[in-house]
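Given next are the chains, with one letter for each unit.
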Amino acid sequence: MLEASGLMVFYENMLALNNISVQCGDNQIVGVFGANSAGKSTLMYTLSGIMEDIRKKEQMAGGERITVLGQVRYRGEDITELKPSLRAKRGIILCPERRRIFPESTVMENLRIGGYLAKPAQAKDTLDYVFQLFPALEKLKKRIGGFLSGGEQQMLAIGRALMAQPKLLLLDEPLMGLSPLIQAVLVKAIRVIGKEKGIAIIVTEQYARPVLPIVDYAFILENGAAVMEGTREELLDNPDIRSAYFGI
Ligand code: ATP
């Protein structure tokens, strides 16, 4: 489904991604784990194409120089130069870090905005699916987004991303700052989305442990470089990795 190779991103002279290659197959859930500043969001922006927008904006504003190298292939096509909006149309949908819902719009409005590219019947079916996945959201349909709890906002962010009809969903730190109870609800939902809907998922997290049970394959990022990768079993079989990254 997605194959990125040799990704390098520089913010001025600072190397944020150092020769990263990641793959995500159809129906796979892939984890990318790393501490603060490891490069997780930079990777997600590069895969979704938003990095290209950030780069151009900085260039136009005479701001910092951002350099992006490497290749991103999606369903056999080289999309390295493709605009983020066109990547979204092809099904690569980013659910960004810190949720970024529209805080002044209602839950329903947020979801409708997410579904603006979908056909009406598709949008209706997906809306039903989102409410089935997150029953709490249905009860909050008319609530203003900014008044939701962190967990509810994350459900809304994922729901909005689903409304955009993803084939590959990029989830950037969906569990950040949430209680273990809410994290468990979200992890279960992410697994259901991947396995039931057949949507490929790349999920980043600082702490691997809550997400590890649902990933098929994972990468560990340190200072922009992939220091380890493997199937869930391979990572769990490595005692150093277990204690250093998974706390088990
Ligand atoms: P976090 O968990 O804090 O979100 P992350 O793993 O997502 O971290 P990135 O946000 O990708 O990490 O940042 C990687 C490195 O690049 C960090 O050192 C960060 O300070 C730097 N960085 C990110 N965005 C920019 C930018 N626009 N300009 C300069 N440096 C940046």
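Below is a summary of the structure that appears in this document. Note that the coordinates shown come from a computational prediction; the quantities given were computed from them, not determined experimentally. (Residues numbered from 1 in each chain as written. Predicted model: local features only at pLDDT ≥ 70, side-chain atom pairs only at ≥ 80, totals over all residues. Heavy atoms only, no water.)

### Topic: helix α1 (residues 40-48)
Quick reminder of the rule: Think of it in three bands: residues with accessible area under 20% of the maximum for their type are buried, residues over 50% are exposed, and the middle band is partly exposed, with areas taken using a 1.4 Å probe on protein chains only. Comment: elements are numbered from the N terminus, with helices defined as DSSP H or I runs of at least four residues and strands as E runs of at least two.
The buried fraction of α1 amounts to 9 of the 9 residues, a majority that puts the element mostly inside the structure. All of the buried residues along α1 are K40, S41, T42, L43, M44, Y45, T46, L47 and S48. Just beyond α1, the residue with positive phi is G49, at close to 90°.

### Quick notes on unusual backbone geometry
Here Q165, not a glycine, exhibits a phi torsion of approximately 60°, which is positive. Here E173, not a glycine, exhibits a phi torsion of approximately 45°, which is positive. With respect to the helices and strands, the residue E173 is situated in the loop between β7 (168-172) and α8 (180-197). The exposure class assigned to E173 is buried, which follows from its relative accessible area of 5%.

### Topic: the pairing of strand β8 (residues 200-205)
Which entries qualify depends on this criterion: In this description, strands pair whenever DSSP reports at least two bridges between them. Looking down the strands as they point away from the viewer, one classifies a crossover as right-handed if the path from the first strand across the helix to the second runs clockwise.
Here β8 lies mainly inside the structure; 6 of its 6 residues are buried. Here β8 shows no split at all, with A200, I202 and T204 on one side and I201, V203 and E205 on the other all buried. With 5 bridges joining them, strand β3 (residues 29-34) and β8 adopt parallel strand pairing. Looking at the pairing, F33 lines up with E205 of β8. One ladder, built from 5 bridges, connects β7 with β8; its direction is parallel. Residue D172 lies in a different strand from β8, and its bridge partner there is T204. Following the chain from β7 across α8 to the adjacent parallel β8, one finds a crossover that is right-handed.

### Side note on the site of the ligand
To keep things clear, this is the line we draw: Here a residue counts as near a molecule or strand whenever at least one of its heavy atoms sits within 4 Å of it. Here a polar contact is taken to be a pair of N or O atoms separated by no more than 3.5 Å, where protein atoms must pair a possible hydrogen donor with a possible acceptor and residues adjacent in sequence count only if both atoms sit in side chains. Methods summary: accessible areas were calculated by the Shrake-Rupley approach with a probe of 1.4 Å, and residue burial reflects only the protein chains presented. Under the convention adopted here, Pro, Cys and the residues Ala, Val, Leu, Ile, Met, Phe, Trp and Tyr are nonpolar, Asp, Glu, Lys and Arg are charged, and Gly plus all remaining residues are polar.
Near the ligand lie 15 residues; those nearest to it are N36, S37, T42, E64 and E173. At 2.8 Å, a backbone N or O of S41 approaches an oxygen atom of the ligand. Between the ligand and E97 there is a distance of 2.8 Å, counted from an oxygen atom to a side-chain nitrogen or oxygen. For the ligand, whose accessible area on its own is 630 Å², the fraction buried by protein is 69%. Per-element accounting of the shell around the ligand gives the leading share, 3 residues, to α1. For the shell around the ligand, the residue count by class is 5 nonpolar, 6 polar and 4 charged.

### Observations concerning the sheet that holds strand β5 (residues 77-78)
In plain terms, the rule: Two residues form a contact once any of their heavy atoms are found within 4.5 Å. Axis definition: a line fitted to C-alpha atoms, over the contacting stretch in the case of helices. Angles run 0 to 180 degrees between N-to-C directions.
Pairing is antiparallel in the open sheet, where 4 strands are placed in the order β2-β1-β4-β5. The open sheet terminates on both sides in strands that have one partner only, identified here as β2 (14-24) and β5. Across 8 bridges, the pairing between strand β1 (residues 2-11) and strand β4 (residues 66-74) is antiparallel. Residue V9 lies in a different strand from β4, and its bridge partner there is V68. Taken strand by strand, α1 contacts β1, β2 and β4, and its axis lies near 120° from that of β1. This element, helix α2 (residues 50-60), spans β1 and β4 of the sheet and lies at about 155° to β4.

### Some details on the side chain of T126
Following the sequence through the fold, T126 ends up in helix α5 (residues 120-133). Assessed through its relative accessible area of 8%, T126 is described here as buried. Leaving out residues up to four positions away in the same chain, T126 has contacts with L162, M163 and Q165.

### A short note on the pattern of salt bridges
As a reminder of what qualifies: Counted as salt bridges are all cases of a side-chain nitrogen of Lys or Arg within 4 Å of a carboxyl oxygen of Asp or Glu.
Going through the model one piece at a time under the given rule, you end up with 8 salt bridges. Residue E77 is joined to R90 by a salt bridge in which the shortest nitrogen-to-oxygen separation is 3.1 Å. On the criterion of sequence distance, the pair formed by E77 in strand β5 and R90 in the loop between α3 (84-89) and β6 (92-95) is long-range, its members being 13 residues apart. With relative accessibility at 32%, the residue E77 sits in the partly exposed group. With a relative accessible area of 31%, R90 lands in the partly exposed category. Here K124 and D128 are joined by a salt bridge, their closest N and O atoms 3.2 Å apart. Of this pair, K124 and D128 both sit in helix α5, 4 residues apart, which is roughly one turn of that helix. Since its relative accessible area comes to 40%, D128 is described here as partly exposed.

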